[in-house]
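Structure at a glance
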Amino acid sequence: FQQYIDPFPGHRPLDEAELVLGTVDKRSPVVRDMPMPCDCLPYSAFVDEIKEYGLCMDEIISDFHFIDCDGSGNITLAEMQNLDQYGDVVAPPEAVHQFRVALLNRF
């Protein structure tokens, strides 16, 4: 069968930049008319906003999954607030001390 050699005759895959999160075709029924919560910003819109200010996304964020904690492909208000609070102390000093002691014992 010809399909063994060429399973989708005439199909040419899109460039990764033309795909949603580099994976899904923007014309796919999966992503068309998806309900979007009010407190979410799609990743593509986030990138567009960054570019509008003349910034390169790769210089700002090395890996999207560190921001997208829930893996939804969108940036929620809570995730943006987490960015705003990045660097704040979130562990009590005694827990940090215990972690430090464990690292010193291990290495």
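Here the structure is shown first, and the text comes after it.
Below: a short report on this structure. Throughout this description, residue numbers start from 1 for each chain and increase along the sequence as written. Local features are withheld for residues below a pLDDT of 70 in this predicted model, meaning they are given only at 70 or higher, and side-chain atom pairs are given and counted only at 80 or more; totals for whole chains, interfaces and linings count all residues. Hydrogens and waters are ignored; side-chain quantities use all the structure's heavy atoms.

Each pair of aromatic rings taken from Phe, Tyr and Trp, with Trp reduced to its six-membered ring, is defined by centres within 6.5 Å and is described as stacked if the planes are under 30 degrees apart, edge-to-face if over 60, and tilted in the remaining cases. According to the stated counting rule, one finds 0 aromatic pairs in the structure shown. Just above the ring of F107 sits the side chain of R106; from NZ or CZ to the centre is 5.8 Å. Remark: a charge is flagged as sitting over a ring if the NZ atom of Lys or the CZ atom of Arg is within 6 Å of the ring centre and within 35 degrees of the ring normal.

Going along the chain from the N terminus, every DSSP run of H or I of four or more residues is numbered as a helix, and every run of E of two or more is numbered as a strand. How far a helix is expected to stretch is found by multiplying one less than its residue total by 1.5 Å. For helix α5 (residues 93-106), which comprises 14 residues, the first-to-last C-alpha distance of 20 Å matches the rise-based estimate of 20 Å (1.5 Å per residue) to within 8%. For each residue, the accessible area found with a 1.4 Å probe, counting protein chains only, is set against the maximum for its type, and the residue is called buried under 20%, exposed over 50%, and partly exposed in between. Taking burial as the measure, the 14 residues of α5 include 0 buried ones, a minor fraction of the element.

Our focus in this paragraph is the environment of S28. Along the chain, S28 turns up in the loop between β2 (24-25) and β3 (40-42). Residue S28 is classed as buried on the basis of its relative accessible area, which comes to 15%. Separated by 47 residues in sequence, S28 and I75 have C-alpha atoms that sit 21 Å apart.

Below, the discussion takes up the environment of L103. Among the structural elements, L103 can be located in helix α5. Accessibility expressed as a relative area gives 35% for L103, which makes it partly exposed. The spacing of L103 and D48 is 55 residues in sequence and 41 Å in space, taken between C-alpha atoms.

So yeah, pure geometry; function would need other evidence.
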